[in-house]
Amino acid sequence: MGIINSIKETLSKAVFTPKTLLSGRGGLHMAQILLSLVTFLLSAFRGKGTHSYWNYAMFTWAFCPIMTLIITIIEMFKLDIVLDLFCMDWSDFATGMAMSSTLMTVSVAITFVNFYACLKCFYSLIICLFAILAGVVYTLEVVKDKICDRKRGSYLAALPGFFKVLEAFVSCMIFVSLTGFRDKPALIICVIAYIIPFPILPLIIATNILKKLKTCLPFNLDRFVFIFLVISVVLYIFAAIVWPIFMFRNNPRPSDCPPSYCIWAIQFMVAFFTYVNLILFSIDLVFTLLGICGFKRS
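Notes on the structure follow. A quick note: this is a predicted structure, and the numbers were derived from the prediction, not measured.

1. Considerations on the packing of helix α7 (residues 159-177) against helix α12 (residues 263-290)
Then comes step 1: Running from N to C, α7 and α12 point in directions that differ by 160°, and their axes come no closer than 9 Å. In terms of orientation, α7 lies roughly antiparallel with respect to α12. Seen along the crossing, α7 lies across α12 with a hand that is left-handed. Residues F163, K164, L166, E167, V170, S171, M173, I174 and S177 of α7 form the contact with α12, whose participating residues are I266, M269, V270, F273, T274, V276, N277, L280, F281, I283 and D284.
Then comes step 2: Residues belonging to the contact of α7 with α12 are distributed by class as follows: 13 nonpolar, four polar and three charged.

2. Let's talk about a nonpolar patch on the surface
Then comes step 1: A surface patch of nonpolar side chains, amounting to about 320 Å² of accessible area, comprises L69, I73, F77 and L79.
Then comes step 2: Here L69 lies in helix α3 (residues 52-76).

3. A closer look at the packing of aromatic side chains
Then comes step 1: Applying the stated criterion across every chain yields a total of 13 aromatic pairs.
Then comes step 2: Ring centres 5.4 Å apart and planes at 65° place the aromatic pair F272 and F273 in the edge-to-face group.
Then comes step 3: A relative accessible area of 12% places F273 in the buried class.
Then comes step 4: Put simply, the rings of Y194, F228, Y236, W243 and F281 touch in pairs and so form one group of aromatic residues.
Then comes step 5: Looking at R249, its charged tip hangs above the ring of F246, at a distance of 5.0 Å from the centre.

4. Re the environment of L166
Then comes step 1: On the secondary structure map, L166 appears in helix α7.
Then comes step 2: It is 8.3 Å that separates the C-alpha atoms of L166 and N277, two residues lying 111 residues apart in sequence.
Then comes step 3: Among residues more than four places away in sequence, those in contact with L166 are L103, N277 and L280.

5. Structural notes on unusual backbone geometry
Then comes step 1: Phi angles above zero are rare outside glycine, and K78 is one such case at about 60°.
Then comes step 2: In this fold, K78 is placed in the loop between α3 and α4 (79-86).

6. What about helix α11 (residues 221-248)?
Along an α-helix, residues three or four apart share an orientation, since each turn contains 3.6 residues.
Then comes step 1: With 28 residues, α11 should reach 40 Å at 1.5 Å per residue; the first-to-last C-alpha distance of 39 Å fits that figure.
Then comes step 2: One side-chain oxygen at the N-terminal end of α11 lies 2.9 Å from the backbone nitrogen of D222; it belongs to N220.

7. Considering the pattern of salt bridges
Then comes step 1: In total, this model carries four salt bridges according to the counting rule given.
Then comes step 2: Here E75 and R25 are joined by a salt bridge, their closest N and O atoms 2.9 Å apart. Residue E75 is located in helix α3, and its partner R25 is located in helix α2 (residues 24-46); the two are separated by 50 residues in the primary sequence. Here the two residues E75 and R25 agree in accessibility, since each one is buried.
Then comes step 3: For D284, the salt bridge goes to K164, with nearest N and O atoms at 2.9 Å. Highlighted residues: D284 in helix α12 and K164 in helix α7, separated in sequence by 120 residues. Like K164, D284 is buried.

8. Quick look at helix α8 (residues 185-195)
Then comes step 1: Buried residues of α8: A186, L187, C190, V191, A193 and Y194, and no others. For α8, the arc enclosing every buried residue in end-on projection is 155°, short of the 170-degree limit, so these residues lie on one face.
Then comes step 2: Looking at the packing, one finds that the buried side of α8 touches α7, α11 and α12.

9. Observations concerning the nonpolar core
Then comes step 1: Within the largest apolar cluster, 77 residues are counted, with the highest numbers of intra-cluster contacts made by W61, F93, F112, I174, L178, Y194 and W243.
Then comes step 2: Those elements that provide at least two residues to this core are α3, α5 (90-116), α6 (122-148), α7, α8, α9 (200-209), α11 and α12.
Then comes step 3: Not counting chain neighbours up to four residues away, the residues in contact with L178 comprise V191, Y194, W243 and V270.

10. Some thoughts on the side chain of T105
Then comes step 1: Secondary-structure assignment places T105 in helix α5.
Then comes step 2: Polar side-chain contacts of T105 include one of 2.7 Å to the backbone oxygen of S101.
Then comes step 3: Those residues within four positions of T105 in sequence are excluded, and the remaining contacts are T60, C64, A131, A134, G135 and Y138.

11. What about the packing of α3 against α5?
Then comes step 1: Contact geometry of α3 with α5 gives a least axis separation of 9 Å together with a crossing angle of 155°. Between α3 and α5, the interaxial angle falls into the category roughly antiparallel. When you trace α3 past α5, the crossing you get is left-handed.
Then comes step 2: Partitioned by chemical class, the residues of the contact of α3 with α5 number 20 nonpolar, five polar and one charged.

Rules used in this analysis
- Residues numbered from 1 in each chain as written.
- Predicted model: local features only at pLDDT ≥ 70, side-chain atom pairs only at ≥ 80, totals over all residues.
- Heavy atoms only, no water.
- Axes fitted to C-alpha atoms, helices over the stretch in contact; angles between N-to-C directions.
- Helix = DSSP H or I, 4+ residues; strand = E, 2+ residues; numbered from the N terminus.
- Parallel < 35°, antiparallel > 145°, perpendicular 65-115°, else oblique.
- Left-handed = near helix turned anticlockwise from the far one by under 90°.
- Contact = heavy atoms within 4.5 Å.
- Nonpolar A, V, L, I, M, F, W, Y, C, P; charged D, E, K, R; others polar.
- Patch = residues over 30% accessible without salt bridge, like charges linked within 9 Å, V, L, I, M, F, W, Y side chains within 5 Å.
- Areas by Shrake-Rupley, 256 points an atom, 1.4 Å probe, with all protein chains shown as cover.
- Salt bridge = Lys/Arg side-chain N within 4 Å of Asp/Glu carboxyl O.
- Phe/Tyr/Trp six-rings, centres within 6.5 Å; stacked < 30°, edge-to-face > 60°.
- Buried < 20%, exposed > 50% of the residue type's maximum accessible area, 1.4 Å probe, protein only.
- Lys NZ or Arg CZ within 6 Å of the ring centre and 35° of its normal.
- Expected span 1.5 Å × (residues − 1).
- Polar contact = N/O pair within 3.5 Å; in protein donor to acceptor, adjacent residues only side chain to side chain.
- Arc of directions from axis to C-beta.
- Core = buried A, V, L, I, M, F, W, Y, C linked by side-chain atoms within 4.5 Å.

See the structure below:
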């Protein structure tokens with residue numbers, strides 16, 4: 001009976017509270033949604049870009065405000081209290097999503113400025129301005145949560161979860177940069193090495209967020225994560241060696257390759273992000289082995 005009464009009491013707190021929109025957090029959410037959607041519409045009217053970075057930017061400016069809107073609606077109806085009771089640490093999830101959205105919007109702003117900004121391109125400069133503002137308001141929410149409110153995450157907003165988010169993010173940057181590999185079997189194997197860890201990362205993140213699901217697994221998740229990290233490090237060591245050799249052997253940077261964009265520069269970005277992810281997976285593995293900074297030993 002005690003459990004039933006506790007559930008009833010929790011459900012009774014789930015009421016419509018529009019005043020949450022007038023709080024500092026609510027104001028930031030409204031600004032995030034507005035700026036991201038304006039940036040998305042301006043970029044859509046500008047027309048499709050010439051490479052996959054434009055698609056990545058459009059996805060970011062659509063995905064981030066949608067997630068922010070969902071979080072706002074849940075908090076406005078106090079459904080986060082119900083989610084806290086049944087399946088997840090809502091504060092950790094909301095802060096973690098703000099950190100992830102900050103990572104995405106800031107990287108998109110930098111990418112868009114690099115590829116599309118020029119002194120004579122007034123319309124593109126307007127898009128860049130709104131993209132930068134969107135990144136700033138998402139950053140402000142993270143600063144508010146982590147520094148002003150001193151919120152401590154249990155997974156997604158803590159180092160173990162955010163490392164997984166970083167690894168997935170860098171993998172996405174590798175995928176949007178892939179080009180010039182189809183006629184080289186060794187590079188195709190590298191692409192397979194990039195693909196193998198990627199779908200497992202969101203599953204690990206989701207399982208750790210949904211605590212009830214984690215307790216129902218027929219295996220030890222922490223041990224699975226350790227094995228996954230070992231395999232990922234091995235795969236990225238292979239790619240870090242093979243990709244530069246087979247991509248850049250007898251393929252120096254062209255003299256007419258501009259600083260902001262050329263095929264060679266994008267191919268170089270794949271190598272750069274490969275080393276970044278290798279470092280991230282290696283640190284993740286070492287911290288997991290040592291059981292420090294909130295990482296759990298298997």
